[in-house]
Every structure is written in structure tokens, then in C-alpha cells.
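Topology and contacts: notes
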Amino acid sequence: MKLIVLVSALLLASCHAEPSPTIIPIEGGVQGDGVTTRYWDCCATSCAWDQIVHTKNGQPVQTCTKDGRTHSTKENNAQSGCAVGGVAYSCSNQVAWVINSTLAYGFSAASFTGGIDNGQCCICVLLSFKGQLAGKQMLVQVTNTGSDLGKNHFDLAMPGGGVGIFTLGCSSQWGTPPSGWGEEIGGVQTEEECNQLPGDLQEGCKFRFRYLEGVPNPNVAFQQVRCPSELVALTGCGDLD
Ligand SMILES: *[C@@H]1O[C@H](CO)[C@@H](O)[C@H](O)[C@H]1NC(C)=O
């Protein structure tokens, strides 16, 4: 009887053990307190232009053709779909996902200086949420910059998060109105509205209502860390040794 109780307790414990990947802080890397917003403008990200990207492996961020799945050829710096006649868009798999109940991986536009900050393309940063989401973290790779970003500002890449200042991307890629799905700033308001998005983008949209519990623009503490191979595998750029 006792043995059975012990064995079932052990089984229960092992079933409930969550994945716990090793996170390696980078000494002397960027760190501090920051703010977040969210966006998904469907555009090729700025870190995809190799003339501005200086990463350890020398590769810009992978972009995709209109289907969001087929990789654009990196060689020709395909013109962003946010410009008239552009052909390169965000890849639909560069979205956030949950690793365990207190950690998610994802992607972000970022500025550490205020305004466009190309110097940090493809670095990874561990964001520790404050306030209502305290105890949860999100490890993001920086794939984009933004003229509209402030200092220590992370604009998290989440489909249905609002197209922001670029209104040509989602409308040409997916046929949305220029304002995208939901509001131009802020995007959709409910998890159900995520079902309007193309199938490949729906989980990344629901992430905001599930893992982030619908909390708008949480503040964070941040620390630069080594990029997990899972993120580098999706973007093709990063600081893996
Ligand atoms: C999730 O993974 C992180 C990183 O390994 C770890 O620090 C954290 O404790 C894990 N969370 C849970 C609930 O196991």
C-alpha cells in the first residue's frame, strides 16, 4: 500500500516536471528596466537587411515570401512587402511560444538607445515581467528596430498585435484592411478575434491572451543572454558559438 502511494507520488511528480532549459547571461551585455508594446506588421524585419546587420554569424534575419512559409533568398535583400512592389514578409513561424508555465520564447523589435538601433540585431534578451505578470519571463531575439521606439523599449512580435505605423504589409500579404486585424495600434481585443487571422498566425495571436493573460504592455527588467538554438534555427541569425 505504502509502496503504491510512493510510486504514484513519484509518477505524479515526474509528470509535472516542466522543461527547464539552461539560460546563460552575457556578462557586460545590455540590461536594465524596460517597457513593452506589441506589433505584427507583416513586414520584412529591419534586421533582415544584411547591410545593416552585424551579427556574429554574419547572417541577417530570414524573411519569407507572401505565403509566410517559403524562405526569401537572402542574397538579394528582397524588398520589404511594406514598400510598394515589395516581396519579402515576416515568416509566420517567427512568433512566441510557451516553454513552461513561467517561460516563453519569442521575437521582438527593440531599441536600447531610443529610435532606430541597428547595433543590437539578433541578440537575445531575457525579459522578466513586472506587475501582474511577475514571475513570468520571455526570452526574445531582437529581429527588428523601429523609429517609433523609445529607450529600452521592446515591441513584442505578436500576430494580431496591431500593424502600427506600417499599413502596407498585412494588407498586401494577407488582404487585410490597411489597419490590419483589429485596431491599427493594439490589434485585436479578444482571443476569439485571433481566429480571423491566417491559420499559421493564430497560435501566436492567442499567446497574448494565454501566456500573457491579456495584460497590455507589461513593464520588464531585462538581461542579455545567449540565444537558444531554437530561436536561431528560426531566424538564421544570432550569436551561437
Ligand atoms: C521554466 O524554465 C526556466 C528556465 O530553465 C526555469 O528557470 C523555470 O523555473 C521553469 N519554470 C518552471 C515552472 O518549471
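Residues numbered from 1 in each chain as written. Predicted model: local features only at pLDDT ≥ 70, side-chain atom pairs only at ≥ 80, totals over all residues. Heavy atoms only, no water.

Where we set the bar: UniProt positions are given in the numbering used here, feature names are shortened, and annotations may be inferred rather than shown by experiment.
Under an unreviewed UniProt entry, the name given to the chain is Cellulase, and the organism recorded is Phaedon cochleariae. Taken verbatim from the UniProt record of the chain, the Catalytic activity (unreviewed entry) comment is "Endohydrolysis of (1->4)-beta-D-glucosidic linkages in cellulose, lichenin and cereal beta-D-glucans."

**A word on unusual backbone geometry**
Filter applied, for reference: The way it works is that DSSP assigns letters per residue, a run of H or I at least four long becomes a helix, a run of E at least two long becomes a strand, and they are numbered from the N terminus.
Although it is not a glycine, Cys-122 adopts a positive phi angle of roughly 75°. Tracing the backbone through its elements, the reader meets Cys-122 in the loop between β3 (103–111) and β4 (124–129).

**Details of the UniProt feature "active site" (unreviewed entry) in the chain**
Note the cut-off: In what follows, residue pairs with any heavy atoms lying within 4.5 Å of each other are defined as contacts.
Taken from the UniProt record, the annotation "active site" (unreviewed entry) applies to Asp-41. Looking at the element boundaries, Asp-41 is found in the loop between β1 (31–39) and β2 (97–100). Every residue in contact with Asp-41, bar those within four places of it in the chain, is listed here: Cys-82, Gly-162, Val-163, Phe-166, Gly-169 and Cys-170.

**Some remarks on the packing of aromatic side chains**
Using the following cut-off: Stacked, edge-to-face and tilted are the three classes for Phe, Tyr and Trp ring pairs, Trp counted by its six-membered ring, which pair at centre distances within 6.5 Å; planes under 30 degrees apart are stacked, over 60 edge-to-face, the rest tilted. For a ring to carry a charge above it, either NZ of a lysine or CZ of an arginine must fall within 6 Å of the ring centroid while also lying within 35 degrees of the normal to the ring plane.
Across all of its chains, the model carries 5 aromatic pairs by this definition. With a centroid separation of 5.4 Å and 20° between ring planes, the pair formed by Phe-207 and Tyr-211 is classed as stacked. Members of the aromatic cluster, each reached through a chain of ring pairs, are Phe-112, Phe-154 and Phe-222. A cation sits over an aromatic face here: Lys-136 above Tyr-211, 4.6 Å from the ring centre.

**So, the state of the cysteines**
Defined as follows: To count as a disulfide, a pair of cysteine sulfur atoms needs to be within 2.5 Å.
Tallied over the full model, the rule gives 7 disulfides. The partner cysteine of Cys-64 in its disulfide is Cys-91, sulfur to sulfur 2.1 Å. Residues Cys-64 and Cys-91 share a disulfide whose torsion about the S-S bond is about 100°; that sign makes it right-handed. Placement of Cys-64 in the loop between β1 and β2 and of Cys-91 in the loop between β1 and β2 is noted, with a sequence separation of 27 residues between them.

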